[in-house]
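# A closer look at the structure
Listed below are the residues making up each chain.
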Amino acid sequence: MSSKKTTPTRALDAVHKPSKEFSSKARIPSMAAYKKLYKESIEKPAVFWAREAKELVWQKPWSKVLNWKAPNAKWFEGGKLNVCESCVDRHATGPRKNKAAIIWEGEPGDKRVITYGQLHKDVCRFANVLQKNGVKSKDRVLIYMPMVPEAAVAMLACARIGAVHNVVFGGFASEAIIDRLEDSGASVIVTADGGWRRGKVVPLKPVVDEALTKCGQVKRVIVLNRCNHEVQMQPDRDVWWHDEVANASSKHTAKGFDSEHPLFVLYTSGSTGKPKGILHTSGGYLTGTYSTCKYIFDMRDDDVYWCTADVGWITGHSYIVYGPLANGVTQVMYEGAPNAPDFGRFWKIVEEYGVTIFYTAPTAIRAFIKAGNHFPAAHDLSSLRLLGSVGEPINPEAWNWYHEHIGGGRCPIVDTWWQTETGSILISPLPGATPCKPGTATLPFFGIDAAILDDAGNEVKAGQDGRLVIRKPWPSMIRSIYGDKERYKKTYWSDYPGIYTAGDGARRDKDGNFWIIGRLDDVLNVSGHRLGTAEIESALVSHPAVAEAAVVGRPDEMKGQAVAAFVTLKSTHTESDALLIELRNHVGKVIGAIAKPDDLHFAPALPKTRSGKIMRRLLKELVCTGKISGNITTLEDVKVIEALQSKLAK
Ligand code: PRX
């Protein structure tokens, strides 16, 4: 990046070249170096990816780098590895033994430093605990935890024994747990009494208990005591984490599993009401997360890296647990909210531990802008050398603020585009090479053949919008939707034969940079989190008062997108403010607080086509602009939209 300080008057679209100082030390120090390696990675992917994968620990070498029969990929076929060995054992038994793996801070201010040596013991103990409790290779384990090191320990212990973890974000409600339990068939849950958030305990175990009243398949619940919060323990089913590990051996042999052995299932929203279980496997996923950390975050042994995501999302899987640990880096993990006790908390942590690489979401940056510059200004942030952004397009205003107020005008910003399905970052600047323009994720990572196509499958010209696709397989790609190969094929591979469709609209500028426009399907991106409109609609209609619901997104300054819902009541119920509140809370109860509609409107009827399909396009236009200017000839009853329009105008 330019060493010149950004000023508020500077053009929002200025190009920021990496500074000589940063480039001279970076792994990829120039665009020429990027282009050379990119060319090799596209022309000879097997050569490029084999070199990357060889930096991990393999118990048996692979016989073939890629076996590709679209849409089924087998990476490092024939190879055997234990993912945990590359992330933990190799550091614990080498010079990094006493290096901090995780520097953890709880929201109340309690602190722990876990070395690689200690992490190894913790993971081995918990692997033994899982096995003692009957967990076998390929069994699914649901993890519902706060942001504590034990969440990572539980994930790594699953990987160690070949079990498949399914982490569920701690903000999701009991119905979401039920859906995931039923779909994944997990019979063991790892949870905690609760976690600290904004000075209060957010209970977790009671949510699990509620889910288990309706779902009988779970045989064992292992409960971490994080907050000394009172919980009900059901005899014969529930056990305490501390009791279990107290008697467990810290020795455990890491058996090798096939490179394509399932590693985890993570559910994400799609365009239907049912979340999709995204299945990732071992060797390829680890290679992708390892390699992107190495080149995009340019991770070094003396770095202190901090990704502020929750382990419940893909970012937490790939860029808290697997990628950084495979690189043997020291990382910060923080339990609580960014504004606890105030918006200075993150910057206090950066100063306290000398964070060098900081990775967060645009929605958080916008909240910091609103809170005021005095919060970061009160802290010494000079340890930072690299910043990252993920989850949604970063608007140029937020980019420039991040660059100036957090990065001191000196830190490159890597705007990383990827998805739960892609497993690792696919489009991003390389910090020592790529000239950045605020708002673009810039160029594809090594081995990623990204393109933008029109409906007929032709590549669009610079400046034109189209669908973002990936034309070649990559190691950390989704392997299937859990238990539903057909849905996998249909969702990602049916638009153009043999080509992965991301579901995002995008355009390229004349320099080849990718500008992500947003989702093309019925998926909202609220504060960087994916929510299906159909999921929220089905939560609303599960309330006894609701006959029909339609949900659309509208732009929101802070969250990127906000949720706007229209609800038609059954004739037995009448509109009231109390019912509006009840319906919002109902969505919170069914899915979780993140899905609560920002705007909820009662609608006497919903706009429909003659064949009865709800015309969400019109509702979207209405909430975004306040009026309808598009084509309404297919509308069954024009009066419906007129009524809504005048209602919204009030
Ligand atoms: O629309 C894109 C947006 O987030 C979607 C993926 O969401 P999820 O699977 O929850 O993963 C989020 C963390 C990787 C994408 O389809 N998205 C993600 N990163 C960016 C982005 N949009 C623009 N710029 C980004 N850097």
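Residues numbered from 1 in each chain as written. Predicted model: local features only at pLDDT ≥ 70, side-chain atom pairs only at ≥ 80, totals over all residues. Heavy atoms only, no water.

## A look at the side chain of Ser424
Our working definition: Numbering of helices and strands runs from the N terminus, with a helix taken as a DSSP run of H or I at least four residues long and a strand as a DSSP run of E at least two residues long. Only protein chains enter the calculation, and the probe is 1.4 Å; a residue is then buried if its accessible area is under 20% of its type maximum, exposed if over 50%, and partly exposed in between. In this analysis, two residues are considered to be in contact whenever any of their non-hydrogen atoms come within 4.5 Å of each other.
Within the fold, Ser424 resides in the loop between β20 (413-416) and β21 (450-453). Residue classification places Ser424 among the buried residues on the basis of a relative accessible area of 3%. For Ser424, the residues in contact, after removing those within four places along its chain, are Gly288, Thr289, Thr292, Tyr319, Trp418 and Ser476.

## Structural notes on the nonpolar core
Keep this limit in mind: We call a set of buried residues a nonpolar core when its members are Ala, Val, Leu, Ile, Met, Phe, Trp, Tyr or Cys and they connect through side-chain atoms within 4.5 Å of each other.
Ranked by size, the top nonpolar core spans 162 residues in total, and within it Leu119, Phe126, Leu156, Phe297, Tyr322 and Phe446 carry the most contacts. A total of ten residues in this core trace back to one element, the largest contributor, which is helix α6 (residues 149-161). In contact with Leu119, other than residues within four places in its own chain, are Val88, Ala101, Ile102, Ile114, Val153, Leu156 and Leu325. Formed by 30 residues, the second largest nonpolar core is a distinct cluster that contains Val304, Tyr334, Val350 and Ile394.

## A look at the site of the ligand
Basically, it comes down to this: For this description, a residue counts as near a given molecule or strand if any of its non-hydrogen atoms is within 4 Å of it. In the analysis that follows, any N or O atom pair within 3.5 Å is treated as a polar contact, provided that within protein one partner can donate a hydrogen and the other can accept it, and provided that, for residues neighboring in sequence, both atoms belong to side chains.
The full set close to the ligand counts 17 residues, and Asp415, Thr416, Thr420, Arg519 and Arg530 are the nearest of them. A distance of 2.8 Å separates a nitrogen atom of the ligand from a polar side-chain atom of Asp415. The separation between a nitrogen atom of the ligand and a polar main-chain atom of Thr416 is 2.8 Å. Looking at the shell around the ligand, the elements with two or more residues in it are α11 (314-326), β20 and β25 (514-519).

## Observations concerning the pairing of strand β4 (residues 100-105)
In plain terms, the rule: Strands are treated as partners if at least two bridges between them are detected by DSSP.
Within β4, six of the six residues are buried, leaving the element largely enclosed by the surrounding structure. As defined by bridge partners, β4 adjoins strand β5 (residues 111-115) across five bridges and the pair is classed as antiparallel. Bridge assignment links Ala100 to a residue of β5, and that residue is Thr115. The antiparallel pairing of β4 with β5 creates a hairpin that spans five residues between the two strands, and Gly109 there sits at a positive phi of about 110°.

## Examining the sheet that holds strand β24 (residues 500-508)
Just so we agree on the cut-off: Working convention: axes come from line fits to C-alpha atoms, limited for helices to the stretch in contact. Angles between N-to-C directions cover 0 to 180 degrees.
Strand order in the open sheet formed by four strands is β21-β22-β24-β25, and the pairing between neighbours is antiparallel. On the outer flanks of this sheet lie β21 and β25, each paired with one strand and no other. Sheet twist, expressed as the mean angle between neighbouring strand axes with direction ignored, is 45°. As paired elements, β21 and strand β22 (residues 466-470) share four bridges and run antiparallel to each other. When the sheet's bridge partners are listed, Ile452 is paired in β22 with Leu468.

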